[in-house]
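Here's the letter readout for the chains.
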Amino acid sequence: MNDAVERHPHDVLVVGAGGAGLRAAIEASERGASVGLVCKSLLGKAHTVMAEGGVAAALAHVAAEDSWQVHFRDTMIGGKLLNNPRMAELHAREAPDRVRELERWGAVFDRTADGRILQRPFGGHTHPRLAHVGDRTGLEMIRTLQDKAVASGIDVYMECTITHLLTQPDRVAGAFGYWRATGRPVVFPAKSIVLATGGIGRAYEVSSNSWEYSGDGHALACLAGAELIDMEFVQFHPTGMVWPPGVRGILVTEAVRGEGGILRNRDGERFMWKYLPDDRRQEYAATDEEAARWVDAQSAARSTDARRPPELSTRDNVARAIYTEVRKGRGSPHGGVFLDISYLPADHVRRKLPSMYEQFKELADVDITAGPMEVGPTTHYIMGGIRVDAETGATTRRGVFAAGEVAGGMHGANRLGGNSLSDLLVFGQRTGAAAAAAAAAETEFRHIDPVQVRLAERELSAPFDRPGAESPYRLHEELRATMQSLVGIFRTEADLDEAIARIGALRARWANVGVSGGRPYNPGWDLVFEVRNMLVVSEAIARSAQQRRESRGAHSRLDFTGLDPAWARLNSVVRQSGDLIEVTTAPLPDVPAELQRLITMERTDA
Amino acid sequence: MPEAHLRVFRGSSESDGMLVDYEVPVEEGMVVLDALHWLQAHEAPDLAVRWNCKAAKCGSCGAEVNGRPRLTCKTRLSDFADDEAITVEPMRAFPLIRDLVTDVSWNYEVNRSIPPFQPPADRPQEEWRWQQEDVERVQEFRKCIECFLCQDVCHVLRNHETERPFMGPRFLVRAAGLEMHPIDTADRSAHLKDEGGIGLCNITKCCTEVCPEHIKITDNAIIPLKERVADRYYDPIQMLWRKIRGSRADGDPAAVDGGEAT
């Protein structure tokens with residue numbers, strides 16, 4: 001029967017059309033591969049479009065003393081040294097070329113006074129480093145890449161969801177999915193598959209992430225036998241909207257703080273002064289006056305000897321600080337804190353932060369040029385992901401590559417703002433090249449196992465035979481509540497036990513999930529497989545969080561506060577074993593001596 | 001808890017489709033898309049809605065709310081009177097797939113036909129210097145989130161007023177972003193005139209009114225492009241004169257295309 005299933009063979013199949021997927025597809029195509037690009041939404045709608053603040057690259061246009069070495073150091077320190085050092089090095093070295101390349105493809109970044117690409121400061125970055133377009137950098141990036149991809153003749157399969165990877169004992173041979181508009185199944189035989197499916201935020205109640213972020217690539221890889229690493233490291237962005245309820249979680253870009261936004265609690269206290277870690281305190285301003293001088297210089301895009309404001313501490317630290325202030329009863333009326341940029345000229349704020357101005361005006365009736373915003377932490381990004389080779393993006397399963405947020409290792413225990421967009425470009429390019437080279441070395445397509453196709457088809461149809469059974473919406477809601485309350489910013493052994501038990505029960509109920517209606521464009525049916533993926537990912541997160549008995553970066557344990565040297569050189573590793581998700585550790589790759597020197601070097605400019 | 005009264009189009013073709021009435025509990029700050037999500041979770045699990053970001057950044061959730069093309073993620077329930085029914089229908093300019101989802105693939109075909117960005121071969125990137133005020137004009141066009149509401153409202157496309165091709169406001173904006181790019185060297189005049197059908201736009205500005213990004217589509221994108229095409233194809237002497245004077249003369253762009261408008 002499955003002979004009738006539509007087939008589209010490609011040398012390289014890219015799953016996901018955000019920044020990483022598009023960049024990989026372009027590279028593979030330019031290297032002569034036949035490329036198929038599958039995305040479950042329309043082209044150009046991927047989560048990258050929501051990125052706001054900028055793309056980090058040591059172009060040294062604003063601070064001449066910036067260099068890849070300083071960028072590397074900032075990234076490692078921000079990641080609490082848990083980053084794959086080779087990935088962090090490649091990223092810092094290659095990001096400037098990848099950004100310049102976007103400009104050659106038509107991107108129009110904001111400009112310095114002398115007409116070059118402008119760069120803005122962000123948390124954890126020593127120098128102003130983020131190339132940007134107001135606060136809609138992601139849109140500019142995705143449009144540029146989309147136009148380039150379309151012009152290169154890549155085959156794009158829009159609104160097509162991949163639900164299964166088709167395997168051979170030694171490798172992956174293709175992918176199985178369905179067209180959302182018709183519900184018809186489709187098979188993509190492929191010599192190389194690049195997973196670029198982004199993150200997992202929809203497993204949480206409060207999230208800045210879009211509909212697509214259901215951990216599809218993480219789960220597909222894990223179910224096909226590839227390893228995940230560092231899944232306990234989920235980034236809670238310090239500033240999401242908290243009011244009104246309908247908009248809770250929507251991102252408030254870090255650029256607000258990069259442009260001088262000040263965080264205050266209910267009592268008007270600038271509380272970030274209290275939360276700067278002692279070993280980094282010397283990198284931040286000592287007084288309000290010094291921070292104000294820094295903002296003045298920043299607004300005029302000139303350099304200064306003033307150090308950056310305390311609000312530009314790393315995201316993990318600012319998120320914990322806000323959470324703690326609210327917990328101690330010093331929050332704003334709707335359970336957040338105040339973020340104020342209204343002391344700067346209104347015109348300047350509107351020009352630098354146009355989307356934020358609109359967003360608050362239209363969705364919350366707040367004029368950010370006239371008063372403060374209310375903000376609180378929101379699930380934003382996962383540092384962990386599929387275990388990859390630094391140079392090529394190859395996963396531990398032959399034939400499968402991964403790039404972008406779905407890949408792990410680059411950001412360690414905490415990602416710096418702006419390093420995601422550069423990650424997409426650097427490793428999208430590398431992975432596209434490696435996937436094309438691997439495909440070129442294969443003389444023919446591997447056999448697609450008809451039994452696997454039939455089983456996948458059966459799994460796809462099964463929920464229609466169980467109308468009135470478990471609702472996928474209900475399962476999703478319960479999972480989100482579990483992750484939000486038990487696997488959030490602060491974790492404990494008892495909470496994680498409880499979370500793992502609940503996730504296990506939800507997995508059992510998932511086997512009995514049912515949908516009503518037909519196959520064409522049925523969102524309840526879409527959700528069935530997304531919930532499957534979110535359950536895999538959630539269990540991986542909870543089990544990894546339980547295993548790591550220390551607090552590091554974005555992973556904070558109330559029962560194991562502080563860094564534990566025994567964990568400093570260990571990645572968590574997750575793999576599927578039968579029906580179980582198994583968690584172990586693996587030693588971090590060694591840091592070569594010359595890179596180690598960069599990490600320990602002192603700031604020479606402060 | 002107060003309730004909103006929604007009337008939502010359900011069906012997979014115009015003929016068998018109908019408006020179905022629903023009551024949805026209202027929380028403060030709720031938008032139409034929230035109400036549709038509530039319906040999916042409680043009343044209509046198969047209600048087809050296209051959406052991604054729910055933050056007005058991706059442009060996926062366009063629909064006609066009480067007859068007006070809008071992003072449902074940006075349309076607040078509090079914009080309507082308590083006793084007013086909120087009617088949500090799919091964009092009418094595109095073929096229906098199901099419920100609120102339409103087939104917008106035509107737009108992607110049009111996009112592919114536009115000659116791409118072409119930087120100069122003889123000027124190395126190291127020498128590129130653009131001032132902020134020069135790029136801001138292009139950045140306005142590059143703000144477009146491709147929600148296709150402008151395509152939906154455009155009467156030329158909506159009412160299928162012509163057999164001749166017309167790219168529609170979205171792609172005139174895209175073309176303007178390329179044409180006015182500081183260093184683009186491609187010439188899209190022929191494309192705009194023929195395949196693009198720019199002459200078919202008669203400047204009713206409906207597109208500008210519905211743009212959620214507030215792009216001045218007609219004034220800043222379409223009219224300057226019409227002038228370029230007119231200069232190129234209809235008035236070479238004036239084009240030469242403008243070149244010599246180094247400025248743009250005032251003209252009535254509508255008149256240039258008057259003979260072509262339907």
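Each chain has its residues counted from 1, following the order in which its sequence is written. Chain labels run from A onward and ligand labels from 1 onward, assigned in the order the entries are written. Totals for whole chains, interfaces and linings use every residue, but because this is a predicted model, local features are given only for residues with pLDDT of at least 70 and side-chain atom pairs only at 80 or more, for both listing and counting.

1. Some thoughts on the overall build of chain B
- Broken down by element type, chain B carries 11 helices and seven strands.
- With the principal axes as the frame, chain B shows a C-alpha extent of 70 × 45 × 30 Å.
- Whether a residue is buried, exposed or partly exposed is read from the other C-beta atoms within 10 Å of its own C-beta, which are placed from the backbone; 20 or more gives buried, 12 or fewer gives exposed, and intermediate counts give partly exposed. Among the 262 residues that make up chain B, the fraction classed as buried is 45%.
- Remark: residues whose backbone-derived C-beta atoms lie within 7 Å of one another are considered to be in contact. When contacts within chain B are restricted to residue pairs at least 6 apart in sequence, those whose partners lie at least 24 apart make up 65%. Helix and strand definitions here come from DSSP, where helices need a minimum of 4 consecutive H or I residues and strands a minimum of 2 consecutive E residues; each element is numbered from the N-terminal end.

2. Quick word on the interface of chain B and chain A
- Contacts between chain B and chain A engage 45 residues on the former and 48 residues on the latter.
- Elements with a minimum of two residues in the side of chain B that touches chain A: α1 (32-42), β6 (96-98), α2 (105-113) and α3 (132-142) of chain B.
- Here the side of chain B that touches chain A is built from residues that sort into 22 nonpolar, 11 polar and 12 charged. Under the grouping applied here, Gly and all other residues not named as nonpolar or charged are polar, the nonpolar ones being Ala, Val, Leu, Ile, Met, Phe, Trp, Tyr, Cys and Pro and the charged ones Asp, Glu, Lys and Arg.

3. Remarks on the domain arrangement of chain A
Residues and elements named next belong to chain A.
- Each assigned domain of chain A is listed here: domain 1 (2-233 + 383-450) and domain 2 (237-377).
- Annotation comment: domain bounds sourced from an automatic or database domain assignment. Computed from C-alpha atoms alone, the centre-to-centre distance between domain 1 and domain 2 is 29 Å.
- At the interface, 23 residues of domain 1 touch 26 residues of domain 2.
- Residues of the side of domain 1 that touches domain 2, tallied by class, amount to nine nonpolar, 10 polar and four charged.

4. Comments concerning the sheet that holds strand β1 (residues 3-10) of chain B
Residue and element names in this part refer to chain B.
- Strand order in the open sheet formed by five strands is β2-β1-β5-β3-β4, and the pairing between neighbours is mixed. Where the open sheet ends on each side, the last strands, each with one partner, are β2 (18-25) and β4 (68-71). Within the sheet, the average angular offset between the axes of one strand and its neighbour, ignoring direction, is 35 degrees.
- One requirement defines pairing of two strands: DSSP has to find at least two bridges between them. Sheet topology note: the β1/β2 ladder contains eight bridges and is antiparallel. Bridged to His5 within β2 is Glu23.
- Contacts between α1 and the sheet are confined to β1, β2, β3 (62-65) and β5 (86-89), with β2 contributing the most and set at about 95 degrees to the helix. Axis geometry follows a simple rule: fit a line to the C-alpha atoms, using only the stretch in contact for helices, then measure angles between N-to-C directions, giving values from 0 to 180 degrees.

5. Focus: the pairing of strand β8 (residues 160-168) of chain A
Residues and elements named next belong to chain A.
- For β8, the buried fraction is high: eight of the nine residues fall into the buried class.
- In this structure, β8 lies alongside strand β9 (residues 171-179), joined through eight bridges in antiparallel fashion. Bridge assignment links Gln168 to a residue of β9, and that residue is Arg171.
- In sequence, β8 turns back onto β9 through a hairpin of two residues.

6. Things to note about the packing of α3(B) against helix α6 (residues 168-179) of chain B
Residue and element names in this part refer to chain B.
- The interhelical angle for the contact between α3 and α6, taken along N-to-C directions, is 155 degrees, at an axis separation of 8 Å. The orientation of α3 with respect to α6, classified from their angle, is roughly antiparallel. Viewed along their axes, α3 and α6 form a crossing whose handedness is left-handed. When α3 is examined against α6, the residues Val138, Phe141 and Arg142 are found in contact with a partner set consisting of Val173, Ala176 and Gly177. Put simply, angles under 35 degrees are roughly parallel, angles over 145 are roughly antiparallel, angles from 65 to 115 are roughly perpendicular, and the rest are oblique. Two helices crossing with the near one rotated counterclockwise from the far one by less than a right angle form a left-handed crossing, whereas a clockwise rotation gives a right-handed crossing.

7. Quick notes on the nonpolar core
All names here are of chain A.
- Think of a nonpolar core as buried Ala, Val, Leu, Ile, Met, Phe, Trp, Tyr and Cys residues, each tied to the set through C-beta atoms within 7 Å. Counting residues in each nonpolar core, the largest one holds 259 residues, and the members touching the most others are Val12, Leu37, Ile193, Val194 and Leu195.
- At 13 residues, the largest contribution of residues to this core is made by helix α16 (residues 523-547).
- If we skip the residues at most four places from it in the chain, Val12 touches Ala28, Ala33, Val35, Ala190, Ser192, Val194, Ala435, Ala436 and Ala439.
- Counting six residues, the second-largest nonpolar core is a separate cluster that includes Tyr284, Ala285, Ala291 and Ala306.

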